[in-house]
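Now for the letters of each chain:
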Amino acid sequence: MDTPVKDIDTYIAKQAEDVRAGLEDLRQIIKSLVPDAEEVISYAMPAFKFHGMLVGFAANKNHIGFYPWNGHTVEQFKDELKGFGTTKGAIHLSIDKPLPVGLIKKIVKARVKENLSKTKSKTQNELKDLQYQFKTLKSEVMFKSEESEVLKVAAPLGLKISNEVPQ
């Protein structure tokens, strides 16, 4: 049994010679568009993370699999993907033909936009939560401050604050 690869360089180096150039080209296209993306191995294939999983690719016997890492991008680009083998989550790129650079770039850009949108929504929700927590803390501080002021006035008069309900 092969040892699992830990990085994209090793993955590409282990592939058949006729597919290595296509894999490296695909990698460079992705890196040129998203230089801050993290290269990872996920599901035993090269992948890129950028505000979540972005795209992945893999060498197959008769094609390079390009994976947009969701179930709707292939459908979104179905008209432009005529002539390519596809599944719900994969695009089959021919080993014998040049990579469709323009189309790959459009797909990667769409995925970047989608991931950033998800991050923005998540950040907005986190901001709302923080605003709520701030208002709650502010109310508590104001209450404690008012309670302290009451104690300052009540103490010289010999009055004490009780937690018991008067009868």
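Residues numbered from 1 in each chain as written. Predicted model: local features only at pLDDT ≥ 70, side-chain atom pairs only at ≥ 80, totals over all residues. Heavy atoms only, no water.

A. Quick peek at the overall build of the chain. The number of helices and strands found in the chain is four helices and six strands. Each helix and strand of the chain, placed in order from N terminus to C terminus, yields the pattern α-α-β-β-β-β-α-β-β-α. Principal-axis analysis of the C-alpha atoms places the extent of the chain at approximately 95 × 40 × 30 Å. By residue count, 32% of the 167 residues in the chain fall in the buried class. Partitioning the intrachain contacts of the chain with sequence separation of at least 6 by distance along the chain shows that 49% fall at a separation of at least 24. (Helix = DSSP H or I, 4+ residues; strand = E, 2+ residues; numbered from the N terminus. Buried < 20%, exposed > 50% of the residue type's maximum accessible area, 1.4 Å probe, protein only. Contact = heavy atoms within 4.5 Å.)

B. Looking closely at the pattern of salt bridges. Scanning all chains against the criterion turns up nine salt bridges. A salt bridge links Glu80 to Lys106; its shortest N-O distance comes to 2.7 Å. Of the two residues, Glu80 is situated in the loop between helix H3 (73-76) and strand S5 (85-87) and Lys106 in helix H4 (residues 101-154); the sequence distance between them amounts to 26 residues. You can call Glu80 partly exposed: its relative accessible area is 37%. Counted as one network, the salt bridges with shared partners bring together Asp9, Glu24, Arg27, Lys31 and Glu39. (Salt bridge = Lys/Arg side-chain N within 4 Å of Asp/Glu carboxyl O.)

C. Examining the environment of Met53 more closely. Within the fold, Met53 resides in strand S3 (residues 53-59). Given a relative accessible area of 19%, Met53 falls into the buried group. Taking the C-alpha atoms as reference points, Met53 and Glu38, 15 residues apart in sequence, are found 9.3 Å from one another.

D. Spotlight on the pairing of strand S4 (residues 63-67). Within S4, five of the five residues are buried, which leaves the element mostly enclosed by the surrounding structure. Looking at chain direction, S3 and S4 are connected through four bridges and run antiparallel. Bridge assignment links Ala59 to a residue of S4, and that residue is Ile64. As consecutive antiparallel partners, S3 and S4 are separated by three residues. By the bridge criterion, four bridges tie S4 to strand S6 (residues 90-94) in an arrangement that is antiparallel. Following the sheet pairing, Ile64 is matched in S6 by Leu93. (Pairing = 2+ DSSP bridges.)

E. A look at the pairing of S3. Most of S3 is tucked away, with seven of its seven residues classed as buried. Across three bridges, the pairing between strand S2 (residues 45-49) and S3 is antiparallel. When the sheet's bridge partners are listed, Phe48 is paired in S3 with Val55. Counting the residues that bridge the hairpin from S2 to S3 gives three residues, and of these His51 lies at a positive phi of roughly 55 degrees.

F. Looking closely at the nonpolar core. Ranked by size, the top nonpolar core spans 35 residues in total, and within it Leu26, Phe66 and Val108 carry the most contacts. The set of elements that each furnish at least two residues to this core consists of helix H1 (8-13), helix H2 (17-33), S2, S3, S4, S6 and H4. Ranked by residues supplied to this core, first place goes to H4 with six residues. Beyond its immediate chain neighbours, meaning those up to four positions away, Leu26 contacts Phe57, Ile64, Phe66, Leu93, Leu99 and Ile104. (Core = buried A, V, L, I, M, F, W, Y, C linked by side-chain atoms within 4.5 Å.)

G. Examining a nonpolar patch on the surface more closely. Together, Val153, Leu157 and Leu159 make up an exposed nonpolar region whose accessible area comes to about 330 Å². Tracing the backbone through its elements, the reader meets Leu157 in the segment after H4. Classification of Leu157 as exposed rests on a relative accessible area of 61%. (Patch = residues over 30% accessible without salt bridge, like charges linked within 9 Å, V, L, I, M, F, W, Y side chains within 5 Å. Areas by Shrake-Rupley, 256 points an atom, 1.4 Å probe, with all protein chains shown as cover.)

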